[in-house]
Amino acid sequence: MNKRKTILIRTYLVYFICLAIAIAIIFKLINIQYIDRDKYLTADKKATVRWANIKAPRGSIYSADEKLIATSVPIYDIRIDLGSQLNRKTNKVDTVIQKDTLNKYVYALADSLSVMARTKKIRPYAKPASQFASEILREYNKQNRYFLLLSNLTYPELMQIRTFPLFRKGAWGGLVVEEKEKRERPFGNLAYRTVGKFDLEKNEFTGLEAYYFKELEGKTGKRQEIKIAGNTWRPASNEDLVEPEKGNDLICTIDMRLQDVAENALRRCLDSNDASYGCAVLMEVSTGYVNAIANLKRISDGSYIEDYNYAIWDASEPGSTFKLASVMAILEEGTLDTNSIVPTGIKNFGAYKMEDSHVKFANVSLTKAFEESSNVGIAEATNSVFQKKPYDYVKFLSSLNLGKTLGLELQGERPSKIKNKDSTFVWSGTLPLMSIGYGVHVTPMQLLTLYNAVANNGCMVKPLFAKEIRNGGVVVKTMQPVVINKSICSEKTLGKLRAMMEGVVQHGTARSLRKSPFPIAGKTGTAQLNYAVKDSNGMGYRASFVGYFPADNPKYSCIVVVVNPRKGRYYGGELAAPVFKEIADKVYALNYSIQQNKQVVHNDTIKPFVRAGNAASINQVYSYLKLPAVTAGPSQNWVSFVSDSLYYKPININKNTLPNVVGMTAKDAVLLLERMGIKTIISGKGKIISTIPASGTALAKGQTVILNLGM
């Protein structure tokens, strides 16, 4: 009896436990189905549905001449949905592609895919139709909902894909299209380093693409996506909730016509001289807009590519092109003038022995020393003025923005380096070297900015690479010129410097440019790269020319640098100047405003070989050439050339001082001086380039004056 009772108790206990569990399950089901139904549906949806960002099309970059140089184009990956999913309305599992439909079209689809892959060379690499078909059937058995077929298709190729067997059924054909963005450059590598690189996958952004990233980026849109097998997400529909907004367009300052000329001219020069690398920059004088910037480097196969932006990156010793800054400092100091006499040839400065290449063993004017690029002459002039106050020289260089950066829109600009009071060196040898461009480091762009300021009436402007930002053709922002220094020196000094740079072209180291249809002013430079090497065979050179044109009304400035030529030529006048001329000629050919004023420019810039002399004789020549008459008073017999125009001014004749006869022929100078009772000694050939003593010197009766002649 007790045993039976025990069994019943245990049975009822199990029964009630099972009943309690059943009631709990029923309650839970009721709770899920009715009470917390919305909660669980929302949680399920959150796990399988999300809002994703849609990348906005990136704005395009246009050249100054309205040519498209960088733009975003859509490319497409083609996938096929071979899986199945729960139909929430019928609560049944449906396949996207029915089995019999797939079997009917799979081989025809595979054949079309194979033909396209082979013809267009689309990744994955071309494979036979049988392989495409077997892979599709294999993935169908795996219920792969995101199987990649082809990638990086263009829009026309996508349209062709939509006509393929099975895919022409649209969504029921399992076609899944994934859109991506690719940056295209219609002009290839022209101005590649300046326009820059845009690579989202590698997160690499350079040049204007990087600096104006936000302006070009656009506004992101949103769309709904669903989660499929393999933790993969795909668009829920073809309708986006929030449309993305295309980024702004950038109008840069580069003129692709001039860019092409600059790169080709530079490439020919580098190639024919087997040079290591070089650069060329063309800039508008008044605005600072950079119209062309070429940077080429020689690679192992002998060809040239744009690898580094040398114009803003290569801070090196410029050599003689730096003499402009030194002469500017000398003239501003007021101790010496353009007709001051300086030595040339060989001279020791401290422990350093300096020797000239073009002018040797003669005393010449400061102007002649600059025109013929005399290292000794410029170094001696600088040393004589600043030897006891070298930091005044450094301070003046600093006022020219040397020793700083320009704050360009491009990455990688290196600051120029100028020795200062914190530097530890011996001034006795360093100051002369600095004056001729050694012991200082300046980028080509920084040097061009200085010369551009001289052309721009002393106003130094920042080089700019962008002109406008537009949205849908409407100008959003215009980049105005940025003034760095309103006046780098006095107007008097500017006039002298401009005359000296014109002299470099007319009868100095850049004489190859003087036959141009428009006047050019500038300076050549030839710097030794490794001057500490005693073996001349181991030396390298940097040839350069920097200047502006037209010289009488400057519109453009330009610099050309050729580094380490190996074919025997290495002077700036031989290598860089012809590249400068080719670029300038193209600008002239394309610029109607310059051609329109050709007669005026021609008249204003023809400068007779004799820059001073007898007024009647010069008037006779001018009349024959149909040029404006010489400006001189009726009683003035002797005139000198005015550097900033075509006209001449009277030479003041004072019996007690030596008049300025520089620029005259020996015949005129001797006639004038002997009438004043002055004896003369003639040295050299050509026209008067200097006198000993200098013009303006008080004279004693019967004194002898040495007339130095040269070309």
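Keep in mind the model is a prediction, meaning the values are calculated, not measured.

K.L.:
I keep staring at the overall build of the protein chain and nothing clicks. Help me out?
P.N.:
Per the secondary structure count, the protein chain includes 22 helices and 32 strands. By residue count, 49% of the 711 residues in the protein chain fall in the buried class. If you sum the accessible surface of the protein chain, you get close to 35200 Å²; carbon and sulfur atoms cover 52% of it.

K.L.:
What am I meant to see in the packing of helix α11 (residues 323-333) against helix α17 (residues 491-507) here?
P.N.:
How two helices pack is summed up by the angle between their axes together with the distance between the axes. Interhelical geometry of α11 versus α17 gives an angle of 140 degrees and a closest axis separation of 10 Å. As far as their axial angle goes, α17 and α11 are oblique. Crossing angle aside, the handedness with which α11 passes α17 is right-handed. Taking contact as the criterion, the partners of Leu324, Val327, Met328, Leu331 and Glu332 in α11 are, on α17, Thr493, Lys496, Leu497, Met500 and Met501. Of the residues that constitute the contact of α11 with α17, the class distribution is seven nonpolar, one polar and two charged.

K.L.:
What is the right way to look at the side chain of Thr509 in this model?
P.N.:
Of note, Thr509 is situated in the loop between α17 and β24 (521-528). Of the residues examined, Thr509 reaches a relative accessible area of 17% and is grouped as buried. Of the polar contacts made by the side chain of Thr509, one reaches the side chain of Thr524; its length is 2.6 Å.

K.L.:
It is not clear to me how the packing of aromatic side chains should be interpreted in this structure. Could you clarify?
P.N.:
Geometry of an aromatic ring pair is reported as the spacing of the ring centres plus the angle between the planes. Summed over all chains, the structure comprises 17 aromatic pairs. Through a chain of ring-to-ring contacts, three or more aromatic side chains come together here, namely Phe518, Phe545, Phe549, Tyr556, Phe580 and Tyr588. Of note, Lys127 hangs over the ring of Phe132, and the distance from its end group to the ring centre comes to 4.8 Å. Note that Arg183 overlies the ring of Phe198, its terminal NZ or CZ placed 5.8 Å from the centroid.

K.L.:
So what exactly am I meant to see when it comes to the sheet that holds strand β25 (residues 541-549) here?
P.N.:
Two strands in a sheet stick together by hydrogen bonds in their backbones, pointing the same way (parallel) or opposite ways (antiparallel). The strand order across the open sheet formed by six strands is β15-β14-β13-β26-β25-β24, and the pairing between neighbours is antiparallel. The open sheet is flanked by β15 (304-305) and β24, the only strands paired with a single partner. The pairing of strand β13 (residues 277-284) with strand β26 (residues 556-563) spans eight bridges and is classified as antiparallel. Looking at β26, one finds that Leu282 is bridged to Cys558. Its contacts with the sheet put helix α9 (residues 256-272) on β13, β14 (290-298), β15 and β26, and the angle it makes with β14 is roughly 30 degrees.

K.L.:
Please explain unusual backbone geometry as it appears in this structure.
P.N.:
In most cases, non-glycine residues show a negative phi, while peptide bonds are predominantly trans. For the peptide bond that leads from Phe549 to Pro550, omega is -20 degrees, which places it in the cis range. On the secondary structure map, Pro550 appears in the loop between β25 and β26. Positioned with a positive phi, Asp274 is a non-glycine residue whose angle comes to about 50 degrees. Looking at the element boundaries, Asp274 is found in the loop between α9 and β13.

K.L.:
Explain helix α18 (residues 572-590) here, please?
P.N.:
Owing to its 3.6 residues per turn, the α-helix brings residues three or four apart onto one side. Spanning 19 residues, α18 covers 26 Å between terminal C-alpha atoms, matching the ideal 27 Å at 1.5 Å per step. Those residues of α18 not exposed but buried are Gly572, Gly573, Leu575, Ala576, Ala577, Val579, Phe580, Ile583, Ala584, Val587 and Tyr588.

K.L.:
Explanation requested: the packing of helix α16 (residues 444-455) against α17 in the structure shown.
P.N.:
Two numbers describe how α16 lies on α17: the axes approach to 9 Å, and their chain directions differ by 110 degrees. Relative to α17, α16 is oriented roughly perpendicular. Taking contact as the criterion, the partners of Tyr451, Val454 and Ala455 in α16 are, on α17, Leu494, Arg498 and Met501. Classifying every residue of the contact of α16 with α17 gives five nonpolar, no polar and one charged.

K.L.:
Got a minute to help me understand the environment of Ile469 in this structure?
P.N.:
Here Ile469 shows up in strand β21 (residues 466-471). Once the C-alpha coordinates of Ile469 and Asp249 are considered, the two residues, 220 residues apart in sequence, prove to be 5.8 Å apart. Once residues within four sequence positions are removed from consideration, Ile469 is found in contact with Tyr212, Glu215, Asn248, Asp249, Leu250, Val474, Val475, Val476, Lys477 and Met479.

K.L.:
Where do I start with the side chain of Glu306 in this structure?
P.N.:
If you trace the backbone, Glu306 turns up in the loop between β15 and α10 (310-313). No salt bridge is formed by the buried Glu306. Its closest oppositely charged neighbour is Arg193, at 5.8 Å. One polar contact links the side chain of Glu306 to the main-chain amide nitrogen of Tyr192, over a distance of 3.3 Å. Looking at Glu306, its side chain comes within polar contact range of the main-chain nitrogen of Asn295, at 3.1 Å. Once residues lying within four places of it in the same chain are set aside, the contact partners of Glu306 are Asn189, Ala191, Tyr192, Arg193, Gln259, Glu263, Ile293, Ala294, Asn295 and Leu296.

Cut-offs used in this document
Residues numbered from 1 in each chain as written. Predicted model: local features only at pLDDT ≥ 70, side-chain atom pairs only at ≥ 80, totals over all residues. Heavy atoms only, no water. Helix = DSSP H or I, 4+ residues; strand = E, 2+ residues; numbered from the N terminus. Buried < 20%, exposed > 50% of the residue type's maximum accessible area, 1.4 Å probe, protein only. Areas by Shrake-Rupley, 256 points an atom, 1.4 Å probe, with all protein chains shown as cover. Axes fitted to C-alpha atoms, helices over the stretch in contact; angles between N-to-C directions. Parallel < 35°, antiparallel > 145°, perpendicular 65-115°, else oblique. Left-handed = near helix turned anticlockwise from the far one by under 90°. Contact = heavy atoms within 4.5 Å. Nonpolar A, V, L, I, M, F, W, Y, C, P; charged D, E, K, R; others polar. Polar contact = N/O pair within 3.5 Å; in protein donor to acceptor, adjacent residues only side chain to side chain. Phe/Tyr/Trp six-rings, centres within 6.5 Å; stacked < 30°, edge-to-face > 60°. Lys NZ or Arg CZ within 6 Å of the ring centre and 35° of its normal. Pairing = 2+ DSSP bridges. Expected span 1.5 Å × (residues − 1). Lys, Arg positive; Asp, Glu negative; His and termini not counted. Salt bridge = Lys/Arg side-chain N within 4 Å of Asp/Glu carboxyl O.

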